[in-house]
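Structure assessment
Next come the chains, spelled out residue by residue.
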Amino acid sequence: AFFAGAMSTSIQHGGCSYGPAARRWIDGTEQRQEIIRKALSDGLCGSCALRCTGCLDMDAYIDNELERSPVCPMCAGVLQQTKEIAILCSKAIETAPYVDARQFSRSIALPRSCPLRAAQWINAINPQLPGDNARALVTKTTLDLRSIVGHIIETVLRRLNLQFCPSSEDVAIRVTLVNTTADDGLQAKWQAIGESRKRSRGSQDNAIWPSNKHIEDKLASTSVHSIPSLGGLLDAPSSLATATVVTERNPLLLAGRYLKYDREMPQTPWLVGDKRMGKTSLQECLFKPLIPLIFPGGLPELTEEQAKKRRCEADTALDSIGGTKFHSAGREDIDVRMFGSGRPFMFEVPNPPKLHFSVSELQALEAAILKQEGAGDIVPGTFKTVSREYFMQLQEASEQKQKKYRCAIWIADVVSATIEEKLQIDELTVQQKTPFRVLHRRSALTRPKVIHTVRVTDKLNDHWLILEIVTQAGTYIKEFVHGDRGRTSPSVAELCQCPVDILELDVVDVYCDL
C-alpha cells in the first residue's frame, strides 16, 4: 500500500518507470539524460543509472518501478528488490512480540563484490564524476547501496510509527543479502590485480577470497582515473540475492538489592550432573513473580539450540526463567544468608517483549516480588531499570567492595582472655590459596586479601563465639576461620593455635553505592 500511490505518478523512461523526484533530477540537464540512456542500455537498473549521474537526493530512489530481470551488474540486483526488502522488514516488526517499540537501528550486509562493481560501473558510465579515490566515488560523490536500502526501510517503517536512530536500543533490524553468483568473478579478478587475500570463513573448497576490508582499502588507495586498472567489468549475477531479516532488541536490565533467608537455597539454579541441588533458587524466587508482567504472552519457547543444550530433567529449572541471566556483586554460598541493605543484583532479560517501564510499572514489579512468601526478597525502593554501564559497575563492585559478616565459630581450646584479645583484629593481610572446595573450578593461585576488622561480639560459652568480620571483596571467610589445612595464613585457627571451625555464616552487609 505504501508504494501504490507512487507507482501511479511514475513516468516511463527507457524501460524504467521513474517517479516525480527522479524525473525532476533527470530533466535538469541533457547530460544526465544521456547518462541515463547509456546506463540503461548497458543493462543497469534505473536506480544505478541515477547513481551514475551523481544524484544525492534519497527520495529520487523511492518512487521508481524497476524491472527485476535482467539482474543489474552494478548493484548485483540489490536495488531491484529494495521494496521487497522493506516489506520484509515491515512484516518482521509487525510479527515481533514487541509491545513498546519506538525506534530502530539497522545493519545491512551486502554481497562482497558490490563496492568494486559500483566503482567500475560508475567510472565506465560517467568518467567525469569527481572523487578523491574510488571508495569516495562510491560513498560520497554518489550514494552507496546501504544508504539507499536503509533510506527506503526507514521510509516504510515510519508508517509504523518507528523512527530510525543509529544508536537505538529499542529494535535492531539486521538485513543480510546473500548472492553466491554475484561474487563468482571476484576471486579471479582479485588474484589478477595481485592483492592480499584470506580464506572465507566456512569455505569448503579452499577458495581464497578478499576480505571486505581488503576491498575497501584497495578502493581507497586507487585514484578515480586508475579505476580501469582494477580489471574488466564484473558481469551481472545470474540471479537476485536472497534476503533474510532478523529483528532483535537489547536486553531488559532490571536491578535492585536482594535478601536471602534460607540456608538451603543457592543464588542461581544449581545442577550437578542430572541432579538439582536445593528445591529452588533465589533467582527463581525473585524472577517468577515478574513473568506475567514482562511476558504477558508467557515465556518464549526454547529455540532448537537451547533444546539441544538441555542435559537432563533438572534443566527445567533453567527453562522456568526464560533464558534470563542473573548478575550480582559477588555471591554467597548456599548455606549463607544475606541481610542488611542487601546485595546488588541485575536481571538481564534477552529480547524482551516490553523494554520501557514507567515508575508506576516498576513499583508494580517490585510489589509482585514483595508480595510472594519465599526464602528470598528484595529491599523495598531499590528496584529499577538500568543501562549497560551498571553491569560494569556491578563487576567492579564485586572486586572492590567491602563486606561485613557475622559467624558462629567453635574453638577447641577453652576461650580465654588471651584468645579474645588475639581476635580483636585491624587491617590484617592474609594469603589465601584457592580453597580445596573450589579448586575444581577455579585457578590454583595465592590471593592476598585484607581483613579490615574482626570483633568478638558475643561469647556463648567456653568454646563458642560470635564474630563480626569486615573484609575485602573476594575473601573466603570459612577458610579464614579454619585455615583450610594451612592454605590460608594467618587464620583464626592459626592465631588461636588450636583447631577452629565455623558453624554458621551470614552476610550482614555489602558496602557499595549501587
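The following refers to the structure shown. Keep in mind that this is a model prediction, so the values were computed, not measured. (Residues numbered from 1 in each chain as written. Predicted model: local features only at pLDDT ≥ 70, side-chain atom pairs only at ≥ 80, totals over all residues. Heavy atoms only, no water.)

**Some remarks on the overall build of the protein**
What the protein contains, in helices and strands, is 19 helices and 21 strands. Across the 514 residues of the protein, 49% fall into the buried class. For the protein, restricting intrachain contacts to residue pairs at least 6 apart in sequence, the fraction spanning at least 24 positions comes to 75%. Accessible surface, the protein: about 24,700 Å² in total, of which carbon and sulfur atoms supply 49%. (Helix = DSSP H or I, 4+ residues; strand = E, 2+ residues; numbered from the N terminus. Buried < 20%, exposed > 50% of the residue type's maximum accessible area, 1.4 Å probe, protein only. Contact = heavy atoms within 4.5 Å. Areas by Shrake-Rupley, 256 points an atom, 1.4 Å probe, with all protein chains shown as cover.)

**Observations regarding the pairing of strand β21 (residues 500-511)**
Across two bridges, the pairing between strand β13 (residues 337-349) and β21 is parallel. By the bridge assignment, Met338 is partnered in β21 with Val507. Here strand β16 (residues 402-411) runs beside β21; their pairing, made up of ten bridges, is antiparallel. Opposite Gln402, over in β21, you have Tyr511 as the bridge partner. (Pairing = 2+ DSSP bridges.)

**Quick look at the nonpolar core**
Formed by 68 residues in total, the largest nonpolar core has its most connected members in Tyr18, Leu44, Leu50, Met74 and Ile153. Leave out the neighbours within four places in its chain, and Met74 touches Leu44, Cys48, Arg51, Cys52, Cys114, Arg117, Ala118, Trp121 and Ile122. The next biggest cluster of nonpolar side chains, apart from the first, holds 63 residues, and it includes Leu286, Ile369, Val386 and Leu423. (Core = buried A, V, L, I, M, F, W, Y, C linked by side-chain atoms within 4.5 Å.)

**Observations concerning helix α7 (residues 134-141)**
Here α7 has its buried residues at Ala134, Ala136, Leu137, Val138 and Thr141. Looking at the buried residues of α7, the elements they touch are α4 (46-52), α6 (114-125) and α10 (212-220).

**Section: the pattern of salt bridges**
Counting across every chain of the model gives 24 salt bridges. Measuring nitrogen to oxygen at the nearest pair gives 3.0 Å for the salt bridge that ties Arg23 to Asp27. Accessibility expressed as a relative area gives 17% for Arg23, which makes it buried. In this structure, Glu216 and Arg135 form a salt bridge, with 3.5 Å as the shortest nitrogen-oxygen distance. Taken together, the positions of Glu216 in helix α10 and Arg135 in helix α7 put the pair 81 residues apart, joining distant regions of the chain. Its relative accessible area of 36% is what places Arg135 among the partly exposed residues. Overlapping salt bridges, with partners in common, bring together Asp333, Asp335, Arg437, Lys478 and Glu479 in one network. (Salt bridge = Lys/Arg side-chain N within 4 Å of Asp/Glu carboxyl O.)

**Things to note about the sheet that holds strand β3 (residues 103-109)**
What the four strands build is an open sheet, ordered β4-β3-β5-β8; its pairing is mixed. The open sheet has two edge strands, β4 (163-164) and β8 (242-248), and neither has a second partner. Sitting on the sheet, helix α8 (residues 145-158) is in contact with β3, β4 and β5 (171-178), with an inclination near 150° to β3. (Axes fitted to C-alpha atoms, helices over the stretch in contact; angles between N-to-C directions.)

**Let's talk about unusual backbone geometry**
The peptide bond linking Ser489 to Pro490 adopts the cis configuration, its omega dihedral lying at -10°. By the secondary structure assignment, Pro490 is in the loop between β20 (488-489) and α19 (492-496). Residues other than glycine seldom take positive phi values, yet Asp484 does so here, at roughly 55°. Tracing the backbone through its elements, the reader meets Asp484 in the loop between α18 (477-482) and β20. Located in the positive-phi region is Arg485, a residue other than glycine, with phi close to 60°. Along the chain, the position of Arg485 falls in the loop between α18 and β20. Classification of Arg485 by relative accessible area gives exposed; the value is 78%.

Nothing here speaks to function; it is geometry throughout.
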